[in-house]
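# Structure assessment
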Amino acid sequence: MSQQIYQALRRGANAEAATLARQALAEGHKDTGTLSAAALAFRAIGERETALSTIDAAIAQMPDDAELHFLRAGMLLDTRDLGGAQAALAQTIALDPNQYGAYVVQAQMAIGRNDLDEAERQTKLAARVAPEHPWTLMLEGVLASRRGDHDRALTLLSAASKDAPEDVQVISALGFAYLAKGHLAFAEQAFRRLIEKTGEVQLHGLLAQIVLQQGRPAEAADALAVLLADPAHATPSLQAFAGELELQAKRFDRAKPLLQAAFTAHPDSRRATNGLLLLWEATGNTEETQAMLDGALEQDAQWDHVWIARLAMEAFGSEAAATVVSRWNTARPDHLPALQAQLALESGTGAHEASEVTARRITSLQPGHGNANELLFNRLLARDPAAAVTFVEGLLPAASPQARLMLRRWVGMAQDAADRPADAIATWLASTAEETAQVGPPPAPTTPPARWPEMGTVVEGARAPAVFLYGAPGAQVDRIANVLQRALPEFRGDRFSTAVQDPFQDTNVPARLAQGEFTAEQVAAGWLSQLPARGIGPNGAVIDWIPFWDNAWLLALRPQLPHARLLLALRDPRDMLLEWFAFGAPMALRVTDANSAAQWLAAHLSQIADIIEQDLFPHTVVRTDAPGEDLERLATRFAEALGVPAFPTPPRELLGPDRIPAGRWLAYREALAGPFATLTPVAVRLGYRQD
């Protein structure tokens, strides 16, 4: 309906637009788009109070929408006799009572419906009449802001404000322009002035958002308190927001009634439910929160998020948690979320037979359910690998393309467990080749220089420690990264989710560095310059997990970062090749066949062997063949790499499973005879058996 209203307004058929607006509202169209269009229609035919109440209804639904607040600011001009607005209107009438005001109103209407081209046309017409008028500058500034030219917008609106410092529309437009530019302190000042001049309570919601973005939750909550004092504005969503702010400000006594009131009014709201849990975590009012959640579930058992919240209050695997899960399944039999909770409880507490029964119930309702099928597969894999192969092959025809790739890896795992190495490697290679077809090939290792640059001098206390973690494909470096990430706030694994804009993110840099296209200083400076953006000070300690290694990096590290250290994850290269084919690598590299992959891995690991044999750079090697077998030794290696006296012994579960157990390559000596022959020399250099 909103588009029909706007079309009528564009044609100048204001009465028709108002009729359409009334029809839309009578039929129950109360979305913000319809409400804002209706408000413009009522304003166009002079029904100012109706226009204002309609835009208020839209703002009540979306109190943080800047465009709705700007529309309302324009409508205030029609209904309030404010000094600044009155003076501006008087000047407008004096210039051209029949033209200028019409241009301004039409431009504002066009801005309100996001028709910026029409708004610009009307603004140009207004500028012909009064190019220096504050409202002309205001319209030009608003248009510039809406088009992303925030600097020009602020220049224009500042000039308008200088000419009409008390004009509420100019103040409003300037406030929103500051907000768009990110000048929060100036935006706050503008909207405080606007509230002071207009007494508009509704603007306190926007003010609260601006203050919160500046890190002052207590003041933001105080701003909302003005709104909440009026029952007409004290909506459950606003109560929930205010309660969250009070929690952030650690004013728990003020947060409690707000969050509880929001949940009582709307237990169907995920935000209100989450607020109640946050209150429980902050205050420990366990019995009270449990009673509120249980009471809501007695009213309506359909709210899954309330069940989840109630379950979150119990220790995992406890009798109380089991009781909640049982209640949920009784209230909603054969309901997937309830069954999923039961499956998580049973599988997590070792109730294998019960978990299989639940998993089968889930797959009967949703045949492609990932977690349930994975549990059934793993159970079959443990007791009957051949049956596991059949089970997964039965899932393949109905699977999505993405799921099919994962399922094919499962087939390979089952073939491996069934001692069918030739079949397993064929399955894994086909999957890996398909998955990596669109990524780049492994970069060729660079040739070592005739002479390495001298190591720089480590100045005591000049820089905090820097550790570069690396593991070649198949080295299971992610197991080491998981331990370090849990233990050390200085650990950074962000390169695998968001590309860091430094040389160590680019696999092409080593070759260019070796060719002299980059200098050591540029590489080091590029890395250091990105540390603040990653939450590390220029001289702060960091453990940086890098996706790729080439010894050419030493051309930069040796002279420029001598205080750094390498932490290298390493295992038998033949197990690494098998792991790479079976489970991929943290950084995807194209794999076409086993022989070429083995040749590249052998050359790549030869560089690692050079580092170890020639001590080219300070380094620590962590053997990941079976890291969980000697956790104390693993902790010692971490301490050595980090340059600290001791490192806490990590829990075994943090290391995850041995996906390809140490020595598993022996079962593949026939199926991968050629690739293993290629890898054996470097395996021996790295300390592993020849055959």
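Higher on the page you've got the structure.
A quick note: this is a predicted structure, and the numbers were derived from the prediction, not measured. (Residues numbered from 1 in each chain as written. Predicted model: local features only at pLDDT ≥ 70, side-chain atom pairs only at ≥ 80, totals over all residues. Heavy atoms only, no water.)

### Section: the overall build of the chain
The secondary structure content of the chain amounts to 34 helices and five strands. For 691 residues, the compact-globule formula gives about 26 Å, and the C-alpha radius of gyration of the chain, at 33 Å, lies well above that figure. Counting only C-alpha atoms and orienting by the principal axes, one finds that the chain spans roughly 100 × 70 × 50 Å. Residue pairs in contact within the chain that sit at least 24 positions apart in sequence constitute 64% of those at least 6 positions apart. As displayed, the chain offers around 30900 Å² of accessible surface, 51% of which is attributable to carbon and sulfur atoms. (Helix = DSSP H or I, 4+ residues; strand = E, 2+ residues; numbered from the N terminus. Rg over C-alpha atoms; globule rule 2.2 N^0.38 Å. Contact = heavy atoms within 4.5 Å. Areas by Shrake-Rupley, 256 points an atom, 1.4 Å probe, with all protein chains shown as cover.)

### What to know about the pairing of strand β3 (residues 542-545)
Taking every second residue as pointing to the same face, both faces of β3 are buried, with Val 542 and Asp 544 on one and Ile 543 and Trp 545 on the other. Sheet topology places strand β1 (residues 466-471) next to β3; four bridges connect them, and they run parallel. Within β3, the residue paired with Val 467 across the bridge is Ile 543. Alignment of strand β2 (residues 491-492) against β3, held across two bridges, turns out to be parallel. Each residue of the ladder has a partner; that of Arg 492, found in β3, is Asp 544. (Buried < 20%, exposed > 50% of the residue type's maximum accessible area, 1.4 Å probe, protein only. Pairing = 2+ DSSP bridges.)

### What to know about the packing of helix α13 (residues 203-213) against helix α14 (residues 217-228)
It is the contact of α13 with α14, at a shortest axis distance of 8 Å, that shows an interaxial angle of 175°. Taken together, the axes of α13 and α14 lie roughly antiparallel to each other. Only Pro 217, Glu 219, Ala 220, Ala 223, Leu 224, Val 226 and Leu 227 of α14 make contact with α13, whose side of the interface consists of His 204, Gly 205, Leu 207, Ala 208, Val 211 and Leu 212. Residues that form the contact of α13 with α14 fall into these classes: ten nonpolar, two polar and one charged. (Axes fitted to C-alpha atoms, helices over the stretch in contact; angles between N-to-C directions. Parallel < 35°, antiparallel > 145°, perpendicular 65-115°, else oblique. Nonpolar A, V, L, I, M, F, W, Y, C, P; charged D, E, K, R; others polar.)

### Let's talk about the packing of aromatic side chains
Summed over the entire model, instances satisfying the criterion amount to 14 aromatic pairs. Each ring, one from Tyr 178 and one from Phe 186, has its centre 5.3 Å from the other, and the planes form 25°; the classification is stacked. Residue class for Phe 186 comes out partly exposed when judged on its relative accessible area of 45%. With 5.1 Å between their ring centres and 50° between their planes, Phe 468 and Trp 527 make a pair best called tilted. Of this pair, Phe 468 sits in strand β1 while Trp 527 sits in helix α29 (residues 520-530), and the two are 59 residues apart along the sequence. Through pairs of rings, three or more aromatic residues link up here, namely Phe 468, Phe 504, Trp 527 and Trp 553. Over the ring of Phe 583 we find Arg 659, and its NZ or CZ is 5.9 Å from the ring centre. (Phe/Tyr/Trp six-rings, centres within 6.5 Å; stacked < 30°, edge-to-face > 60°. Lys NZ or Arg CZ within 6 Å of the ring centre and 35° of its normal.)

### Observations regarding the pairing of strand β5 (residues 619-623)
Judged by how many residues are buried, β5 sits mostly within the fold: four of five residues are covered. As paired strands, strand β4 (residues 564-570) and β5 are joined by five bridges and run parallel to one another. Bridge assignment links Leu 570 to a residue of β5, and that residue is Arg 623.

### Structural notes on the side chain of Arg 558
On the secondary structure map, Arg 558 appears in helix α30 (residues 554-560). Despite its burial, Arg 558 pairs with no opposite charge; the closest candidate is Glu 454, at 5.3 Å N-O. Here the side chain of Arg 558 touches Pro 453 through a polar contact of 2.6 Å, landing on its backbone oxygen. When neighbours within four sequence positions are excluded, Arg 558 is seen to be in contact with Trp 452, Pro 453, Glu 454, Met 455, Gly 456, Leu 616 and Phe 617. (Lys, Arg positive; Asp, Glu negative; His and termini not counted. Salt bridge = Lys/Arg side-chain N within 4 Å of Asp/Glu carboxyl O. Polar contact = N/O pair within 3.5 Å; in protein donor to acceptor, adjacent residues only side chain to side chain.)

### Quick look at the sheet that holds β3
Strand order in the open sheet made by the five strands is β2-β3-β1-β4-β5, with parallel pairing throughout. The open sheet has two edge strands, β2 and β5, and neither has a second partner. Its contacts with the sheet put helix α32 (residues 594-614) on β1, β4 and β5, and the angle it makes with β4 is roughly 130°.

### Details of the pattern of salt bridges
A complete count under the given rule lists 43 salt bridges for this structure. The shortest N-O distance in the salt bridge between Asp 502 and Arg 495 comes to 2.6 Å. In this structure, Asp 658 and Arg 652 form a salt bridge, with 3.8 Å as the shortest nitrogen-oxygen distance. On the accessibility criterion, Asp 658 (32% relative accessible area) is partly exposed. The network of salt bridges with common partners includes Asp 494, Arg 495, Asp 502, Arg 534 and Asp 544.

### Section: the side chain of His 133
Inspection of the secondary structure assignment puts His 133 in the loop between α8 (116-129) and α9 (134-146). Reaching out from His 133, the side chain makes a polar contact with the backbone nitrogen of Trp 135 at a distance of 2.9 Å.

### Overview of the nonpolar core
Judged by nonpolar contacts, the single largest core of 90 residues is most densely connected at Leu 484, Trp 549 and Leu 557. A per-element tally of this core places α32 first, with ten residues. Setting aside residues up to four positions removed in sequence, Leu 557 forms contacts with Phe 468, Phe 504, Trp 549, Pro 562, Leu 566 and Phe 617. Core analysis: the next-biggest nonpolar cluster, separate from the first, contains 47 residues, Ile 171, Phe 176, Ala 177 and Ile 210 among them. (Core = buried A, V, L, I, M, F, W, Y, C linked by side-chain atoms within 4.5 Å.)

### Observations concerning unusual backbone geometry
The backbone phi angle of Lys 250 is positive, close to 60°, even though this residue is not glycine. If you trace the backbone, Lys 250 turns up in the loop between α15 (236-248) and α16 (252-265). Notably, Asp 615 is not glycine yet its phi reads approximately 50°, a positive angle. Along the chain, Asp 615 turns up in the loop between α32 and β5.

### Regarding the environment of Ile 612
Mapped onto the elements, Ile 612 comes out in helix α32. Since its relative accessible area comes to 30%, Ile 612 is described here as partly exposed. Considered as a pair, Ile 612 and Leu 686 are 74 residues apart in the sequence and their alpha carbons are 8.4 Å apart. Other than its neighbours up to four places away in sequence, Ile 612 contacts Leu 570, His 619, Val 621 and Leu 686.

### Thoughts on the packing of α14 against α15
Look at α14 against α15: their axes get within 8 Å of each other, and the N-to-C directions meet at 150°. One element, α14, and the other, α15, form an angle in the roughly antiparallel class. Read as a crossing pair, α14 and α15 show a hand that is left-handed. Across the interface between the two elements, Pro 217, Ala 220, Ala 221, Leu 224, Leu 227 and Leu 228 of α14 pack against Leu 238, Gln 239, Phe 241, Ala 242, Leu 245, Glu 246 and Gln 248 of α15. Split by residue class, the contact of α14 with α15 holds ten nonpolar, two polar and one charged. (Left-handed = near helix turned anticlockwise from the far one by under 90°.)

### Description of the environment of Phe 263
In this fold, Phe 263 is placed in helix α16. Put simply, Phe 263 and Leu 276 are 13 residues apart on the chain and 7.1 Å apart in space, counted from C-alpha to C-alpha. Setting aside residues up to four positions removed in sequence, Phe 263 forms contacts with Ala 272, Thr 273, Leu 276, Met 292, Leu 293, Ala 296 and Val 306.

### Concerning helix α10 (residues 150-163)
Here α10 spans 20 Å end to end across 14 residues, near enough to the 20 Å set by a 1.5 Å rise per residue. For α10, the complete set of buried residues consists of Ala 153, Leu 154, Leu 156, Leu 157, Ala 160 and Ser 161. On its buried side, α10 packs onto α9 and α11 (168-181). (Expected span 1.5 Å × (residues − 1).)

### Observations regarding α11
The terminal C-alpha atoms of α11 lie 20 Å apart, and with 14 residues this matches the ideal 20 Å at 1.5 Å per residue to within 8%. Taking burial as the measure, the 14 residues of α11 include eleven buried ones, the bulk of the element. Those residues of α11 lying buried are Val 168, Gln 169, Val 170, Ile 171, Ser 172, Ala 173, Leu 174, Gly 175, Phe 176, Ala 177 and Tyr 178. The N-cap of α11, judged by a side-chain oxygen 2.9 Å from the amide nitrogen of Gln 169 a few residues on, is Asp 167.

Function cannot be inferred from these measures alone, as they are strictly geometric.
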